[in-house]
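Chain and residue survey
For reference, the chains in residue letters:
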Amino acid sequence: MTDSSIAVQQQHSLALHGVIILFLGLLAGIGFSIAAATQDVTSPIYGAWRFAHMEGLVNGLVVLAVAGVWLRIDVHGKFINIARIILVLGCYANIVGPIINALFIGKRLIAPETGLEAIVVYGFYIPGTLPIISFAIFIFNLLGRKAK
């Protein structure tokens, strides 16, 4: 495979994951609509569904935005494959965790009190911060490419 075909394949994969994450966010919008129609805006379940919906939309768009500029990124740069993988994993964590919360817990989670809450916080919310590391790597990659 040539460098350009690898980059195009990776771009396609990122776009696919971005669309899936966006789709999950749109599906969470159904739960948000139901909560908005049946709950008060101060209800924890309303907030949980709103959070799930927004996380899916924002994270899906983030992955799609990275896919859009992927051909400008040096695909053989240091840590770039790790950054791509943790971006996708972190964005999936950012939608799956809130959906689990909205479906089974239904409250704001900061300090987990039960096993399921601990799984959501430590298994999804904390790994959901990984895209920050990805973007730092992407920035250094793009700055390094600009300097060449």
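Residues numbered from 1 in each chain as written. Predicted model: local features only at pLDDT ≥ 70, side-chain atom pairs only at ≥ 80, totals over all residues. Heavy atoms only, no water.

Some remarks on the pattern of salt bridges
A full pass over the atoms with the stated rule returns two salt bridges. One salt bridge connects Lys107 with Glu113, and the closest N-O pair in it is separated by 3.2 Å. Assessed through its relative accessible area of 27%, Lys107 is described here as partly exposed. For Glu113, a relative accessible area of 65% puts it in the exposed group. With its nearest N and O atoms 3.2 Å apart, the salt bridge here joins Glu117 to Lys107. One end of the pair, Glu117, is in helix 4 (residues 115-125); the other, Lys107, is in the loop between helix 3 (80-105) and helix 4, and 10 residues separate them in sequence. One network of salt bridges, in which partners are shared, links Lys107, Glu113 and Glu117. (Salt bridge = Lys/Arg side-chain N within 4 Å of Asp/Glu carboxyl O. Buried < 20%, exposed > 50% of the residue type's maximum accessible area, 1.4 Å probe, protein only. Helix = DSSP H or I, 4+ residues; strand = E, 2+ residues; numbered from the N terminus.)

Considering the packing of helix 3 against helix 4
Contact pair helix 3 / helix 4: the axes reach a minimum separation of 9 Å and the direction vectors enclose 165 degrees. When the interaxial angle is binned, helix 3 and helix 4 end up roughly antiparallel. Crossing of helix 3 over helix 4 shows left-handed handedness. Along the contact surface, helix 3 presents Ala93, Val96, Gly97, Pro98, Ile100, Asn101, Phe104 and Ile105, while helix 4 presents Leu116, Glu117, Val120, Phe124 and Tyr125. (Axes fitted to C-alpha atoms, helices over the stretch in contact; angles between N-to-C directions. Parallel < 35°, antiparallel > 145°, perpendicular 65-115°, else oblique. Left-handed = near helix turned anticlockwise from the far one by under 90°. Contact = heavy atoms within 4.5 Å.)

Let's talk about the environment of Ala118
Residue position: Ala118 is located in helix 4. Here Ala118 falls in the partly exposed class, since its relative accessible area comes to 24%. Ala118 has contacts with Pro112 and Gly123, leaving out every residue within four places of it along the chain.

Thoughts on the nonpolar core
Leu14, Trp70, Leu87 and Phe138 are the most contacted members of the largest nonpolar core, which totals 18 residues. For this core, the secondary-structure elements that each account for two or more residues are helix 1 (3-38), helix 2 (44-69), helix 3 and helix 5 (130-147). The dominant element in this core, judged by the number of residues it contributes, is helix 3, at seven residues. If near-sequence neighbours (up to four positions away) are discounted, Leu87 is found in contact with Leu14, Val62, Val63, Val66, Pro131, Ser134, Phe135 and Phe138. Within the second largest apolar cluster, eight residues are counted, among which are Ala35, Ala48, Trp49 and Ala52. (Core = buried A, V, L, I, M, F, W, Y, C linked by side-chain atoms within 4.5 Å.)

A short note on the side chain of Asn141
By the element assignment, Asn141 lies in helix 5. Judged by relative accessible area, which is 9%, Asn141 ranks as buried.

Take it as geometry only, folks, not as evidence of what the structure does.
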